[in-house]
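# Working through the structure, step by step
Below, each chain spelled out in residue letters.
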Amino acid sequence: MFNRIYFLNHNMTFSSSMPDPNDGRFDDIDDEDPMEGVEIPKIFLKREKNEKKKEIFLPCEDLFGYGNSSTTKPKSLFGTSSGKTVGLKNNKDNFQQSTKRNRNRLLGSKHSLDENAKKSLSFEFLSLFKRYKPQDEDFQPKYKAKLNIENSSNWQRDEKYLRTNDDPTEKKFEQPTKVKTVEVDPQCHYPDEFLHCSRSGQGRYERGYCKIVKPMDHDLPKPQGHTRFVCISDTHNEHRNLKLPPGDVLLHCGDFSLAGELKEIDEFNEWLGEVPFKHKVVIAGNHELSFDQKIMEHVELAKKNNSYVRFGKYLKPIEEKDWRNIRSRLTNCTYLEDSEIMINGIRIWGSPWQPEFGNWGFNLTRGRPLMEKWNKIPNGVDILMTHGPPAGHGDRVVSGQRVGCVDLLNTVQLRVQPKYHLFGHIHEGYGLTTDQFTTYINCSSVDYHYDPGHPPIVFDMPNKA
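Every value quoted in this text rests on a predicted model; they were computed, and no experiment measured them.

## Some thoughts on helix H7 (residues 262-274)
With 13 residues, H7 extends 19 Å between its outermost C-alpha atoms, agreeing within 8% with the 18 Å of an ideal straight helix rising 1.5 Å per residue. Along H7, the residues classified as buried are Leu262, Glu264, Ile265, Phe268, Asn269, Trp271 and Leu272. For H7, the elements touching its buried residues are strand E6 (226-232), strand E7 (249-252), strand E8 (279-282) and helix H10 (320-323).

Given below as C-alpha cells:
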C-alpha cells in the first residue's frame, strides 16, 4: 500500500508532484487525489486562495511553531504570534515545555525535505487530510482532537456524534463468533491503516464500529446484588488530589508513579490503605520502571560496571534485594501482572504491557512479542485491565494518530470478549466507547499536562456469586 506525500512548493502551495528518487516505486499510486474535496481548517489558512489554480496557501513556519518575520501571522498549530498557546495553558513555563515537546513530535516524524522549498509538512499533520474526506464521520473528531488539546474528553469532544442505545437508526451487529486462537495481524504495526480497513467495508466493518458512551453519574444508587467499580489510571503521584466516589472495588490501570522509585511506591501504598474500598486492584504501567525485571537487570549490570544506563538517576539507588521483591511493597492492594482475581464471582485479569514507546517499562515490540502476552489472557474474563489501549478506542494522541495495539483489539473482540476493557496510558484519550458488546474505558486520571482533571469512571456489574 502506498501513501501519497504532499510537499510545499517554493510558492508555499501543496503539490504531490516531485522528482522521483525511488526509480518508479510510486508508479502504482492511483490517479485519484486524496486531497481533492478536503477543506483545510481556517486556522491554517493564510487568507489567500487562488481559485483559478486551486492552490491552498499555508504558513509552513507556523505549522512547526517557528514563526517568521511577519507581524500579522495567523494562529499556528500550537502557538500564536503573541506567544500564547492554542488550547494550552498561558503559563510561560508550561508554554515553553509544551511547545518544545509538540514541536519535537512534529519535526521528529517529517520526511525528507523538498529540494525546492527545503521544507515539508510532517507526516503526522498530513495524516489528517490524507485519505479522509469532509463527509467522513471520522474526519471531524480527528480534526477537533488536534485543536482542542485541553478539552481531551472523548465524550465531550465528540458530543455531536453521540448516539443513544434507543436510537432506531443505529445499525445492530452480531457479535463475532469466538475463536480459539488469534494470530498476529498483518497490519499490527499500522493502527490507522487497520482501522481504515475496518471502517471502509474491507472485511472488518462490524469490528471497526465505535460509539462514544457518556460516563455514569457518580450519584446514581447502586442496584441491589451489584458490585460498584471505580476506575482510575495514570495518577502519576497525584492520587491524593483525586475525588473518589464511593464504591466496592478500586481499579487502577498503572502509572501510579513517575519513575517507580521506592518512595513513590511506599507513598502510593500508604494512600491505598486510607481509601475506603473493600478491594483494590492495581497493575503497573510504563512508568513503574522498577517493576520491570528486565530493565532492573540492565541497571544492576550498569552499577557493577560503573557505566551509564537510562533512568539510572532514579533506579541505581534501588538495591537488588528491593527490586527483586518490589511487588511485595504493595501490601494494601492486589497486584496483577498477567494474573487474575475473582471478586463476587467477577473475573478480573490484569496485564501491564503496551507497544514499544520510548524504551519505558513493560514495552514490547508490536507483533509476536505482544501477542504472546495477550495469549495468556484466559477466556471467560469479565473485566480486562491493561495499561495500553487497543486500536481504535481511547488511543488517539494529540497529533491525530491512533497508537493502540491492533492485536489486543483482535484478542478482545474475537477471543476473550469481556464485558469491560479498562486501560490508560494515553491521557488525552480519556473517555468511554463501545463496539456494542464490550465497553472500553480509558480512565486516565491526569490530562495531557499531567493535571488530575479527569474524574474517576464508575460502573456496576451484577454479582455472579
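## Digging into the nonpolar core
Counting 55 residues, the largest nonpolar core has Leu250, Phe291, Leu315, Leu330 and Trp374 as the members making the most contacts within it. Mapped by element, the contributors of at least two residues to this core are helix H6 (191-199), E6, H7, helix H8 (293-305), helix H11 (368-374) and helix H12 (406-416). With six residues, the single largest contributor to this core is H12. Apart from residues no more than four positions distant in its own chain, Leu330 is found in contact with Phe256, Ile265, Phe268, Asn269, Phe291 and Tyr335.

## Looking at the sheet that holds E7
Taken in spatial order, the five strands make up an open sheet running E9-E8-E7-E6-E18, and their pairing is mixed. A single partner strand is all that each edge strand has here, and the edge strands are strand E9 (334-335) and strand E18 (457-462). Taken together, the four bridges between E7 and E8 define a ladder with parallel strand orientation. Directly across from His252, in E8, lies its bridge partner Val282.

## Considerations on the pattern of salt bridges
A full pass over the atoms with the stated rule returns 14 salt bridges. A salt bridge links Glu183 to Arg368; the shortest N-O distance between them is 3.9 Å. Within this pair, whereas Glu183 is found in the loop between helix H5 (154-157) and H6, its partner Arg368 is found in helix H11, the two being separated by 185 residues in sequence. Classification of Glu183 by relative accessible area gives exposed; the value is 53%. A residue is classified by how much of its surface remains accessible, and Arg368, at 42% relative accessible area, is partly exposed. Of the charged contacts, one joins Arg329 and Asp266 as a salt bridge, the two residues approaching to 3.0 Å between their closest N and O atoms. Taken together, the positions of Arg329 in the loop between H10 and E9 and Asp266 in helix H7 put the pair 63 residues apart, joining distant regions of the chain. Salt bridges sharing partners connect three or more residues here, namely Asp266, Lys321, Asp322 and Arg329.

Conventions we followed
- Residues numbered from 1 in each chain as written.
- Predicted model: local features only at pLDDT ≥ 70, side-chain atom pairs only at ≥ 80, totals over all residues.
- Heavy atoms only, no water.
- Helix = DSSP H or I, 4+ residues; strand = E, 2+ residues; numbered from the N terminus.
- Expected span 1.5 Å × (residues − 1).
- Buried < 20%, exposed > 50% of the residue type's maximum accessible area, 1.4 Å probe, protein only.
- Contact = heavy atoms within 4.5 Å.
- Core = buried A, V, L, I, M, F, W, Y, C linked by side-chain atoms within 4.5 Å.
- Pairing = 2+ DSSP bridges.
- Salt bridge = Lys/Arg side-chain N within 4 Å of Asp/Glu carboxyl O.

Nothing here speaks to function; it is all geometry.
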